[in-house]
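Now for the letters of each chain:
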Protein chains: 2
Amino acid sequence: MIQALPSLVLPGVSVEALRARCSSCSMHQLCLPMGLDTADMERLDQIIGRRRKVPRGATLFRIGDPFASLYAIRLGHFKTFQVNPDGAEQITGFQMSGELLGMDAISTDRHHCNSIALEDSEVCEIPFGSLQQLLVDMPTLLRHFHRMMSQEITREQSVMLLLGNMQATQRFAAFLVNLSSRYEARGYSATTFQLRMTREEIGNYLGLTIESVSRLLSKFKKEGMLRVSNREIELLNPAMLKAITAGTRTCG
Amino acid sequence: MIQALPSLVLPGVSVEALRARCSSCSMHQLCLPMGLDTADMERLDQIIGRRRKVPRGATLFRIGDPFASLYAIRLGHFKTFQVNPDGAEQITGFQMSGELLGMDAISTDRHHCNSIALEDSEVCEIPFGSLQQLLVDMPTLLRHFHRMMSQEITREQSVMLLLGNMQATQRFAAFLVNLSSRYEARGYSATTFQLRMTREEIGNYLGLTIESVSRLLSKFKKEGMLRVSNREIELLNPAMLKAITAGTRTCG
DNA sequence: CGATGGGTTGAGTTAAGTCAAATTTCGTGG
DNA sequence: CCACGAAATTTGACTTAACTCAACCCATCG
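Keep in mind it's a predicted model, so treat the numbers as computed, not measured.

Cut-offs and rules
Residues numbered from 1 in each chain as written. Chains lettered and ligands numbered in written order. Predicted model: local features only at pLDDT ≥ 70, side-chain atom pairs only at ≥ 80, totals over all residues. Heavy atoms only, no water. UniProt positions renumbered as here; feature names shortened; annotations may be inferred. Helix = DSSP H or I, 4+ residues; strand = E, 2+ residues; numbered from the N terminus. Least-squares fit on C-alpha atoms with pLDDT ≥ 70 in both. Contact = heavy atoms within 4.5 Å. Buried < 20%, exposed > 50% of the residue type's maximum accessible area, 1.4 Å probe, protein only. Arc of directions from axis to C-beta. Pairing = 2+ DSSP bridges. Axes fitted to C-alpha atoms, helices over the stretch in contact; angles between N-to-C directions.

## Digging into the UniProt feature "domain: Cyclic nucleotide-binding" (unreviewed entry) in chain A
And step 1. Mapped onto this numbering, the UniProt entry gives "domain: Cyclic nucleotide-binding" (unreviewed entry) at residues 32-152 of chain A.
And step 2. For residues 32-152 of chain A, the helix share is 28%, the strand share is 35%, and the end-to-end C-alpha distance is 13 Å.

## Looking at the relation of the copies chain B and chain A
And step 1. Turning chain B through 180° and shifting it by 0.0 Å along the axis lays it on chain A, with an RMSD of 0.0 Å. Interpreted geometrically, this transformation is the action of a two-fold axis.
And step 2. Interface residue correspondence from chain B to chain A reaches 100%, placing this contact among same-surface, isologous pairings.

## What about helix H2 (residues 38-47) of chain B?
Residues and elements named next belong to chain B.
And step 1. Looking at H2, one finds that the buried residues are Asp40, Met41, Leu44, Asp45 and Ile47. What you see down the axis of H2 is that its buried residues fit within an arc of 165°, all on one side. H2 presents Thr38, Ala39 and Gln46 as exposed residues on the side facing more than 90 degrees away from its buried surface.
And step 2. Buried residues along H2 sit in contact with strand S1 (51-54), strand S8 (121-127), helix H3 (128-137) and helix H4 (139-165).

## Structural notes on the UniProt feature "domain: HTH crp-type" (unreviewed entry) in chain A
And step 1. According to UniProt, the positions carrying the feature "domain: HTH crp-type" (unreviewed entry) are residues 166-239 of chain A.
And step 2. End C-alpha to end C-alpha, residues 166-239 of chain A measures 18 Å, and it is 55% helix and 15% strand.

## A look at the sheet that holds strand S11 (residues 232-235) of chain B
All names here are of chain B.
And step 1. Here 3 strands make up an open sheet; going across it, the order is S9-S11-S10 and the pairing antiparallel. Looking at the sheet topology across the chains shown, the edges are occupied by strand S9 (192-194) and strand S10 (226-229). Strand after strand, the sheet turns through a mean of 15° between neighbouring axes, direction not considered.
And step 2. With 4 bridges connecting them, S10 and S11 associate as antiparallel partners. Residue pairing for S11: Arg227 is matched across the bridge by Glu234.
And step 3. This element, helix H5 (residues 168-185), spans S9, S10 and S11 of the sheet and lies at about 100° to S9.

Encoded structure:
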């Protein structure tokens, strides 16, 4: 057992990088292993098939694919979208590190949406059969898994509120505020971040056209609420954006 | 143990009505006990706190209420809705018998939406703590519970597609087709049913005004696709409605 | 350095919203 | 059972937020 693994001798490549583990993953306080003790985290690690790289633009799964695994995002960003019979697409979410993909597939053992990487990304493949066995043994994991599914339900309800009730300005403010808080939760700046999606994708998600998104960006910029340069965003007045999101402020 | 319960001697009131059971409930093939054998169904029955009556217009739970139980609808209809800080409401779903309410509350132990009965209804109160214990012992129940949560995620994604991408006509057709298939799954007519919600509630759910809903009803009626009389609906051309839903047919 | 895909801006259009008025339905008490 | 008021619904006329279409800009990259 003292014998070094071959990879250990390769310069510049640590074992950790090749065989990543939940315990060393910066996302473990947000992701599935949240709250697990070391032993349990180790067991979860065991069942994770592999850490898969998904290059920008590549498909992680598509509608109709048989369901085998959930995917935890280690790194990067994804979008999920639905497709109407007439071909119209609707982006149902943008996911980032620590979030779980594929939960919609549990109901019928087939995926119900497409998932594509917005940038070069990495996911942990969690075979659902194995996970189910662990759930029975690990109440903490079971509880957190349920929380994550429930959270997804809640998130989607908020989007329904956004799409069904909000004005374009309010939708866009809500979108920015949401991104901001998620980056903050991951230890990144709440005010400065890169948009990983195109204007078209933002528009699609928000039920707006690309032109409307562009105009909203210009409007917010003109009103001094943010700085924009291509995909780089800086929120200059987060409080105002939150007020607009809440509908308590109409915006100039 | 031979001694009759007091209620047994009341004329016209059966024990079954007072102490309903999953095994005798017409919804058990759609509801949480789906697929359970007799013994397991009995165990599930044991934990169900009570069958609660919820009169029309009454609140089952509201945003912020501490989460204690899920509710399976035995009978009747409910709506769930979100509320924006500015007071705007968005109906996120209409639920009917055999469906589960409250899953959004698991994530934070607080309810995230309001739930109100659309007519005099009855629910089975399923204390979540007890349910969690059962889940560990009963793999079939665990699996079906996950399916139900996943189904809710999928359902909400469809609504996002509807709200984000569809035209008013398409939304309304989708709404009718959806109700139709759910009644069919419950053994009711797929073509003739009562709307349990007001036009205003339909409009709110679909992101339309009450006037638009009224106009759409009139339009569909004029085009011979349905008969309407107050809340009574008869679908005369379900195939056409499905085609409109799919976006493959634009409607006259 | 020209092609390409993303993004911006302006002008005109339209689907759905708002406002208003008429009509029907429903619940309640006489 | 009927009358009445309140609530829900329908319909029409007009308005508007967001869309479409079109031109243009700009960053990137082979």
